[in-house]
Amino acid sequence: MTRIVIAYHSGYGHTRKLAEAVGEGAAGVPGASAQLLAVEEIDAQGWLALEAADAIVFGAPTYMGGPSAQFKTFADASANAWFSGLWRDKIAGGFTCSLSMSGDKFSTLTYLATLAMQHGMVWVGTGTMPAQRPGAPDEINRLGGWYGVMAQADNVPPEISPPRGDIDSALAYGRRIAGFARRLRG
Ligand SMILES: Cc1cc2nc3c(=O)[nH]c(=O)nc-3n(C[C@H](O)[C@H](O)[C@H](O)COP(=O)(O)O)c2cc1C
């Protein structure tokens, strides 16, 4: 079984919707399993799950132009795994959600990729074609993100926003990550 762990923080539930979709997409690939890990609650079991993973997908909301402080606390704590090379050669990816269409989401994604590179992981982008109608709420990759999944949520409950297109983007990304993990890690 190829193991995909989605290590995410979500303050108000919007990024969690993406985490769930990435997990659903990944778990739908034959031979793959997915586990969601809320990084602000991580314990010894959680660190072991990350160590055993074939792929880790990082998710954080964009707060003040970067990943949330809770995610950064987790990233800093991952220095222990870094010292021993525990995440080396694992597949990696990332996603973020913010209020504005841009909102400096790219800054968050580049940070997540940098974290993966520091750990010696292999980053996988979305590989998605641009939306036919950019910005349309039901379109996959409506915001044109290739580094990782970009989502936008209005200031409403997560059941309403981010819209279908962003959820579908996260589903497709989960499938892509699991596919790579299957091929490269077995
Ligand atoms: C402290 C804070 C900082 C934020 N900074 C940004 C920002 O830089 N860009 C943006 O577009 N939205 C920003 N937002 C809005 C959030 O990114 C947005 O509400 C997102 O959907 C929250 O995701 P979550 O529910 O997973 O926490 C900020 C929200 C908070 C609470």
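By the naming in an unreviewed UniProt entry, the protein goes by Flavoprotein WrbA and is assigned to Quisquiliibacterium transsilvanicum.

Caption draft 1: Fine view of the packing of helix 3 (residues 69-77) against helix 5 (residues 105-118). Across the interface, helix 3 lies against helix 5 with an axial gap of 11 Å and an inter-helix angle of 10°. The angle between helix 3 and helix 5 falls in the class roughly parallel. For the element pair helix 3 and helix 5, the recorded crossing hand is left-handed. Mapping the contact onto sequence places Phe-71, Lys-72 and Ala-75 in helix 3 and Tyr-111, Leu-112 and Leu-115 in helix 5.

Caption draft 2: Inspection of the packing of aromatic side chains at higher detail. Tallied over the entire structure, the rule returns nine aromatic pairs. Summarising the aromatic geometry, the rings of Trp-47 and Trp-87 are spaced 6.4 Å apart at their centres and angled 20° between planes, so their arrangement reads as stacked. Placement of Trp-47 in helix 2 (residues 44-52) and of Trp-87 in the loop between helix 4 (79-83) and strand 5 (91-98) is noted, with a sequence separation of 40 residues between them. You can call Trp-47 partly exposed: its relative accessible area is 25%. Between Phe-58 and Phe-74, the aromatic rings sit 6.5 Å apart at their centres with planes inclined by 55°, giving tilted as the arrangement. Pair noted here: Phe-58 is in strand 3 (residues 55-63) and Phe-74 is in helix 3, with a separation of 16 residues, a long-range link. A network of ring pairs unites the aromatic residues Trp-47, Phe-58, Phe-71, Phe-74 and Trp-87 as a single cluster.

Caption draft 3: Inspection of empty space enclosed by the protein at higher detail. Enumeration according to the criterion identifies one cavity of 30 Å³ or more in this entry. By volume, the largest cavity is sized at about 50 Å³. As for the largest cavity, its lining consists of Thr-126, Thr-128, Ile-140, Asn-141, Gly-145, Val-149, Met-150 and Ser-169.

Caption draft 4: How the structure looks around the UniProt feature "domain: Flavodoxin-like" (unreviewed entry) in the protein. Under the feature "domain: Flavodoxin-like" (unreviewed entry), the UniProt entry names residues 4-151. As a span, residues 4-151 carries 34% helix and 24% strand, and end to end its C-alpha atoms are 21 Å apart.

Caption draft 5: Fine view of unusual backbone geometry. Omega for the bond connecting Ser-161 with Pro-162 falls within 30 degrees of zero, at 15°, which places this linkage in the cis form. Looking at the secondary structure, you find Pro-162 in the loop between strand 7 (149-152) and helix 6 (164-185). Phi at Asn-141 takes a positive value of approximately 55°, unusual for a residue other than glycine. Its location among the elements puts Asn-141 in the loop between strand 6 (122-123) and strand 7.

Caption draft 6: Representation of the packing of helix 1 (residues 14-27) against helix 6 within the structure. In contact at an axis separation of 6 Å, helix 1 and helix 6 are set at 40° when each is read in the N-to-C sense. Judged by the angle between their axes, helix 1 and helix 6 are oblique. Pair helix 1 / helix 6 crosses with right-handed handedness. Residues Lys-17, Leu-18, Ala-21, Val-22, Glu-24, Gly-25 and Ala-26 of helix 1 form the contact with helix 6, whose participating residues are Asp-166, Ile-167, Ala-170, Leu-171, Gly-174, Arg-175 and Ala-178. Residue classes in the contact of helix 1 with helix 6 are distributed as eight nonpolar, two polar and four charged.

Caption draft 7: Quick peek at the side chain of Thr-126. Its place among the elements puts Thr-126 in the loop between strand 6 and strand 7. When neighbours within four sequence positions are excluded, Thr-126 is seen to be in contact with Gly-145, Trp-146, Gly-148, Val-149, Tyr-173 and Arg-176.

What counts and what doesn't
Residues numbered from 1 in each chain as written. Predicted model: local features only at pLDDT ≥ 70, side-chain atom pairs only at ≥ 80, totals over all residues. Heavy atoms only, no water. Axes fitted to C-alpha atoms, helices over the stretch in contact; angles between N-to-C directions. Helix = DSSP H or I, 4+ residues; strand = E, 2+ residues; numbered from the N terminus. Parallel < 35°, antiparallel > 145°, perpendicular 65-115°, else oblique. Left-handed = near helix turned anticlockwise from the far one by under 90°. Contact = heavy atoms within 4.5 Å. Phe/Tyr/Trp six-rings, centres within 6.5 Å; stacked < 30°, edge-to-face > 60°. Buried < 20%, exposed > 50% of the residue type's maximum accessible area, 1.4 Å probe, protein only. 1 Å grid on protein atoms, 1.4 Å probe; cavity = no way out; pocket = protein on both sides within 12 Å on 5 of 7 lines; lining within 4 Å. Points joined across faces, edges and corners; volume = space filled by probe spheres on them. UniProt positions renumbered as here; feature names shortened; annotations may be inferred. Nonpolar A, V, L, I, M, F, W, Y, C, P; charged D, E, K, R; others polar.

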